[in-house]
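The lines below spell out each chain.
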Amino acid sequence: MKNKTVKMVLAVVVLGVCCGAYAGVKTYVAHQEQKESEEDSEESTTVFTASTDNIKSLDFMVDDTETTFEKDDDSWVKKDETDFPVNQTTLDSAASAIASVDSDRVLEDVDDLSEYGLDSPSNTIKIVTKSDEEDGDDITTTLYVGDENSSTSQYYVRKDDDEKTVYLIDSSCVEPFAKSLNDYAQMEDFPAISNTDTITKISVDGDNSYELSKDEDTSTWSVKGSEDEEKADSATVSSLVSSFGSMAYSSLADYKCDDKSKYGLDKPYATITVDYQEEVADDDTDEDTQDDTTDEDASSVEENSDDAEQDTESDESVSETTDETSEAEDTDGEEAEDETSENSDSASDNEDSSEEETKMADKQLTILVGNETDDSSRYVMVNDSNEVYTMSTDTLSALTDKSEEDFWDMTVSYVSLNSLGSLKVNYQGSDYKVNVSRETSTDDDGNDTETVTYKLNGSDLDETTFTTFYNKLINMTAQKRLTDKYEPDGDAELTAIFTEEDGDTQEVAYYSYDTNYYAAVVDNKVYLVNKMNVKELFTAFESVVGTEEDSSDKTDSDEATTDDTKSDSTDMPGESIEESDDSTSETAGITNDSDTSEEENTDSQETDSTEE
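Residues numbered from 1 in each chain as written. Predicted model: local features only at pLDDT ≥ 70, side-chain atom pairs only at ≥ 80, totals over all residues. Heavy atoms only, no water.

## Examining the overall build of the chain
Filter applied, for reference: For helices the rule is a DSSP run of H or I covering at least 4 residues; for strands it is a run of E covering at least 2, with both sets numbered from the N terminus onward. Partly exposed residues are those whose accessible area sits between 20% and 50% of the maximum for their type, while under 20% is buried and over 50% is exposed, using a 1.4 Å probe and protein chains only. Contact criterion: two residues are considered in contact whenever any of their non-hydrogen atoms come within 4.5 Å of each other. Each accessible area value is a Shrake-Rupley result obtained with a 1.4 Å probe; residue values ignore everything except the protein chains displayed when judging cover.
From N to C terminus, the chain includes 11 helices and 27 strands. Looking at the chain as a whole, 35% of its 612 residues are labelled buried. For the chain, the proportion of contacts with a sequence separation of at least 24, taken over those separated by at least 6, is 61%. If you sum the accessible surface of the chain, you get close to 36300 Å²; carbon and sulfur atoms cover 40% of it.

Right, dumping it as structure tokens:
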């Protein structure tokens, strides 16, 4: 029993010693591994190094095709395609990235390259450099690229024919060689229009076709689609026009397209055409101007010469000043030469000035819009270029996804107060008429002052009250327009007929439409206007009517009757106010007093119009 106890104790002691030894060995091994790791991180192995100036060519896989770029003098060219527009910056960056390749971890005696993706490399980069020796042969270094170590953002590579050594290098050395062919091409800049104010026409031909045109005299825009041409909203058009100054390509898709159908450009989704002007050098020499300048210079020289001769003759006639005469001749001769030289310099300056002259030339920008890509873009071709680019769908949709309706001017009825002759209003079944009179007076200093007065049914009308209402009337804007046929339910609550001084007329009628809108009808157009805005218009007109009723009396009422009779005869649509003879014939049967009053009023209007 005692022996068994002793053996058990010894076994426990031996076990403890073994555990302690294992722990010590484990600690030692971990310490050594950490020490080796630290040493590896501190040491770096050079895989390849060269001066970028000595790199003659780079050969690597592009789109699964072996591609070679080589130096021609100081420029990169594509070896098998010299017209390829090489992006010099991109190739310079690639050369700089591969010029110094270091590895902070080297794996030696590798038996299985497949563990690192080097049995079938993802890329093979061949670097040809000049020899350090003057007459030496070029040196070719080949790097085979394997898998990426995602945890360290490094790639496994091997060099030349050494299949036993694997290096782990930084991804920045490899990624410049992992692009598509078009990434190595020089992308042209979009021909943006520097001065968008010169744009005069924009047309879009596609699912939604329309044309925007600018009136050169008034600078206002109109839009035309399947319907008649209409005035366009200036703010909407301005936003669109300005976009042509900042358009840009997203990427190059094909530098030499020989099949437009691949991009949907044989039958474009849309075609955008822009007419504009651009300042260019005036190559035409103004020969007439130069001839005139030459003639003037010659004439100037002759005049100076004549003056010198006259001075000489005058001086010679005075015997006491013979010596002075000689000096004067010399001086005059020098002045003539100086002036001749100055004239010659002036002519030269004029020639330089004429060479620097510019002129405005008509230009046209055409954009073909093709299929959509995978990155929210569309393929585009511009003008006569064979290059295909991508452009943001958001940029293009501002043009292609619009219709003529998006550009309609939503101002219901605008007639400038400065051109208004009269305004007839029917409000809730009652008729009212406002006449506008203008008189011009000149003060002692010759300054003209125009006085404008308003009369409602022949009675004086407060200017502020009327203009408050009138501004609401002409600045009324709609939120949308009806394109379907509209049949009003009942009579209009307010109808206004504008008559301008030149006789043009415009009529607008407001009908109750629903709980949110009033329908404002102008010719064949139906605008839907916010109901609250129309209610404010009605309230403003009620103020106008209230002012008239408070100040009117029987005499004013009689004058209003006469004035209405007169206005009915003179303010017919399309007739000019100056047509007094026709107006007089139409009012035959009115008393002589009325005729006289009408003629005086017509003469007054003619005088005001002439002075204005």
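So, next bit.
## Describing a negative patch on the surface
Inclusion rule: Like charges are joined within 9 Å and nonpolar side chains (Val, Leu, Ile, Met, Phe, Trp, Tyr) within 5 Å, but only among residues with over 30% relative accessible area and no salt bridge; these make up the patches. A side-chain nitrogen of Lys or Arg and a carboxyl oxygen of Asp or Glu constitute a salt bridge if their distance falls within 4 Å. His is not counted, nor are the chain ends, whereas Lys and Arg count as positive and Asp and Glu as negative. Charged groups are reduced to one reference atom each: NZ for lysine, CZ for arginine, CG for aspartic acid, CD for glutamic acid.
The grouping of Asp53, Asp72, Asp73 and Asp74 at the surface amounts to a negative patch. Take Asp72: its relative accessible area is 46%, and that puts it in the partly exposed class.

## Description of the sheet that holds strand 23 (residues 480-482)
Our working definition: Should DSSP find at least two bridges between two strands, the strands are taken to pair. For helices, the fitted axis covers only the stretch in contact; all axes are lines through C-alpha atoms, and the angles between them, taken along N-to-C directions, range from 0 to 180 degrees.
Read across the sheet, nine strands follow the order 22-21-20-19-24-25-26-27-23 without closing on themselves; strand pairing throughout is antiparallel. Looking along the sheet, the strands with just one partner apiece sit at the ends: strand 22 (459-461) and strand 23. Neighbouring strand axes in the sheet, compared pairwise and without regard to direction, differ in orientation by 25° on average. As paired strands, strand 24 (residues 494-500) and strand 25 (residues 505-512) are joined by six bridges and run antiparallel to one another. Bridge pairing in strand 25 links Thr499 to Thr505. With respect to the sheet, helix 7 (residues 463-474) is in contact with strand 19 (420-427), strand 20 (430-442), strand 21 (448-456), strand 22, strand 24 and strand 25, its orientation differing from that of strand 19 by roughly 80°.

## Quick look at helix 3 (residues 234-243)
Counted only if it meets this: Arc definition: it is the arc formed by the directions from the helix axis to the C-beta atoms.
If you check which residues of helix 3 are buried, you get Val237, Leu240 and Val241. Projected down its long axis, helix 3 shows its buried positions confined to an angular sector of 100°, all on one face. Facing away from the buried side of helix 3 by over 90 degrees, the exposed positions are Ala235 and Ser239. For helix 3, the elements touching its buried residues are strand 10 (201-206), strand 11 (210-214), strand 12 (221-224) and helix 6 (393-400).

## As for the pattern of salt bridges
With the rule as written, the count across this model stands at 15 salt bridges. Salt-bridge contacts for Glu372 lead to Arg378; the nearest nitrogen and oxygen are separated by 3.9 Å. Glu487 is paired through a salt bridge with Lys485; the nearest N and O atoms lie 3.6 Å apart. The exposed category is assigned to Glu487, whose relative accessible area is 59%. What makes Lys485 exposed here is its relative accessible area of 74%. Residues participating in the shared-partner salt-bridge network are Lys78, Asp80, Glu81, Asp83 and Lys256.

## Examining the confidence of the model for the chain
The condition that has to hold: One number per residue, pLDDT, summarises how confident the predictor is, and it ranges from 0 to 100.
In this model, the chain carries an average pLDDT of 80, and 70% of its residues clear a pLDDT of 70 or more. Scored below 50 in pLDDT, residues 547-612 shows 63 contacts in the model against residues more than four places distant or in partner chains.

## As for helix 7
Each turn of an α-helix holds 3.6 residues, which means side chains three or four residues apart point in the same direction. To keep it simple, the criterion reads: A helix is expected to span 1.5 Å multiplied by its residue count minus one. Pairing of N or O atoms within 3.5 Å defines a polar contact, subject to two protein rules: one partner must be a possible hydrogen donor and the other a possible acceptor, and residues neighboring in sequence count only if both atoms are side-chain atoms.
An ideal rise of 1.5 Å per residue puts 16 Å on 12 residues; helix 7 measures up with 16 Å between its terminal C-alpha atoms. When helix 7 is considered as a whole, its buried residues turn out to be Thr465, Phe466, Thr467, Phe469, Tyr470, Leu473 and Ile474. For helix 7, the N-terminal capping position is held by Asp462, with its side-chain oxygen 3.4 Å away from the main-chain nitrogen of Thr464.

## Some thoughts on the pairing of strand 6 (residues 123-129)
Across the seven residues of strand 6, five count as buried, placing the element largely inside the fold. Here strand 2 (residues 55-62) pairs with strand 6 via four bridges, running antiparallel. Bridge assignment links Ser57 to a residue of strand 6, and that residue is Val128. As defined by bridge partners, strand 6 adjoins strand 7 (residues 139-149) across seven bridges and the pair is classed as antiparallel. Bridged to Thr129 within strand 7 is Ile139.

## Considering the nonpolar core
Here is the rule: To form a nonpolar core, buried Ala, Val, Leu, Ile, Met, Phe, Trp, Tyr and Cys residues must be joined to one another through side-chain atoms within 4.5 Å.
Grouped together as the largest cluster of nonpolar side chains are 99 residues, with contacts concentrated most on Leu58, Leu212, Phe244, Val412, Leu423, Phe498 and Tyr510. If one sorts the elements of this core by residue count, helix 8 (residues 531-551) sits on top with seven residues. Every residue in contact with Leu423, bar those within four places of it in the chain, is listed here: Tyr432, Lys433, Val434, Phe466, Phe469, Tyr470, Leu473, Ala496, Ile497 and Phe498.

## Topic: the side chain of Ser57
The topology assignment puts Ser57 in strand 2. With a relative accessible area of 11%, Ser57 lands in the buried category. Setting aside residues no more than four positions away along its own chain, Ser57 makes contact with Thr68, Phe69, Glu70, Trp76, Lys126, Ile127 and Val128.

## Some points on unusual backbone geometry
At Asp64, a position not held by glycine, the phi torsion is positive, near 65°. Inspection of the secondary structure puts Asp64 in the loop between strand 2 and strand 3 (65-72).

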